[in-house]
Amino acid sequence: MEDENLKSLLNTAQTVAVVGLSTQPDKPSVAVAQVLLDAGYDVIPVHPTAAEILGRRAYPTLADIPVPVDIVDVFRPAHEAPGIAHQAAEIGAGTLWLQLGITSDEARTTAQNAGLRFVEDTCIGETTLRLGNTARDA
């Protein structure tokens, strides 16, 4: 996706569910989530066992999140991406974003067939910092 489209996508988003947000503070997912929080996004941790991460209530699955989700950001292995794509489609998310190093043709097809925008192998945190995006820019 080109920078202009990425900037538009990030400027119109408010809520980012981070699937695989770690409870270990030194993990990359935590640093990326903090960038998103600092930029003003409503970050929702998705973790199977954690009750809270970064002071935010965590949910075991995307289906458990009680509010609309604009972006589903994925920090899980590529083989899990197709299932997460199905879940993102089921909750009506706007975008499925696979983090740097994660690609999946099956997840792409699922997301696009459901009308979701799709980004893969790209860090949402680095992109947010590079493009100067904040949730407040919308």
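Residues numbered from 1 in each chain as written. Predicted model: local features only at pLDDT ≥ 70, side-chain atom pairs only at ≥ 80, totals over all residues. Heavy atoms only, no water.

(A) Region of interest: the pairing of strand β1 (residues 15–19). Counting buried residues along β1, five of its five residues qualify, which places the element largely inside the surrounding structure. What you see with β1 is no split at all: Thr15, Ala17 and Val19 on one side and Val16 and Val18 on the other are buried throughout. Pairing between β1 and strand β2 (residues 42–46): five bridges, direction parallel. If you follow valine 18 over to β2, its bridge partner there is proline 45. For the crossover from β1 across helix α2 (residues 28–38) to β2, the handedness is right-handed. Alignment of β1 against strand β5 (residues 71–74), held across four bridges, turns out to be parallel. Within β5, the position partnered with valine 19 by the bridge is valine 74. (Buried < 20%, exposed > 50% of the residue type's maximum accessible area, 1.4 Å probe, protein only. Helix = DSSP H or I, 4+ residues; strand = E, 2+ residues; numbered from the N terminus. Pairing = 2+ DSSP bridges. Right-handed = clockwise from strand over helix to strand, strands pointing away.)

(B) Layout of the side chain of aspartate 73. Counting through the fold element by element, aspartate 73 comes out in strand β5. Buried and unpaired, aspartate 73 has no salt bridge, with arginine 76 as the nearest side chain of opposite charge at 12 Å. When sequence neighbours within four positions are dropped, the list of residues in contact with aspartate 73 reads Val16, Ala17, Val18, Val19, Val32, Trp97, Gln99 and Ile124. (Lys, Arg positive; Asp, Glu negative; His and termini not counted. Salt bridge = Lys/Arg side-chain N within 4 Å of Asp/Glu carboxyl O. Contact = heavy atoms within 4.5 Å.)

(C) Geometry of the pattern of salt bridges. What the rule picks out here adds up to four salt bridges. Between arginine 108 and glutamate 120 there is a salt bridge, with its nearest N and O atoms 2.6 Å apart. Highlighted residues: arginine 108 in helix α4 (residues 105–113) and glutamate 120 in the loop between β7 (117–119) and α5 (124–131), separated in sequence by 12 residues. According to the relative accessible area criterion, arginine 108 is partly exposed, its value standing at 29%.

(D) Representation of the layout of surface pockets in the model. One number sums up the size of the largest pocket: a volume of about 220 Å³. Surrounding the largest pocket, Val19, Gly20, Leu21, Ser22, Val46, His47, Pro48, Pro60, Thr61, Arg76, Ile84 and Gln87 form its lining. Classifying every residue of the lining of the largest pocket gives six nonpolar, five polar and one charged. (1 Å grid on protein atoms, 1.4 Å probe; cavity = no way out; pocket = protein on both sides within 12 Å on 5 of 7 lines; lining within 4 Å. Points joined across faces, edges and corners; volume = space filled by probe spheres on them. Nonpolar A, V, L, I, M, F, W, Y, C, P; charged D, E, K, R; others polar.)

(E) Here's a closer look at the sheet that holds β1. Spatially, five strands are ordered β2-β1-β5-β6-β7 in an open sheet, and the strand pairing comes out parallel. Every interior strand has two partners, whereas the edge strands, β2 and β7, have only one. For this sheet the average axis-to-axis angle between neighbouring strands, irrespective of direction, equals 20°. Relative to the sheet, α4 contacts β6 (95–98) and β7, its axis offset from that of β7 by approximately 155°. (Axes fitted to C-alpha atoms, helices over the stretch in contact; angles between N-to-C directions.)

(F) The arrangement of the pairing of β6 in detail. Judged by which residues are buried, β6 turns out to be covered on both faces: Thr95 and Trp97 on one side and Leu96 and Leu98 on the other are all buried. Across four bridges, the pairing between β5 and β6 is parallel. Of the residues in β6, the one forming a bridge with isoleucine 71 is threonine 95. Between the parallel pair β5 and β6, the chain is carried across by helix α3 (residues 81–90), and the sense of this crossover is right-handed. As paired elements, β6 and β7 share three bridges and run parallel to each other. Its bridge partner lying in β7, leucine 96 is registered against phenylalanine 118. In this fold, the crossover linking β6 to β7 by way of α4 has right-handed handedness.

By themselves, these are just geometric observations and shouldn't be taken as functional.
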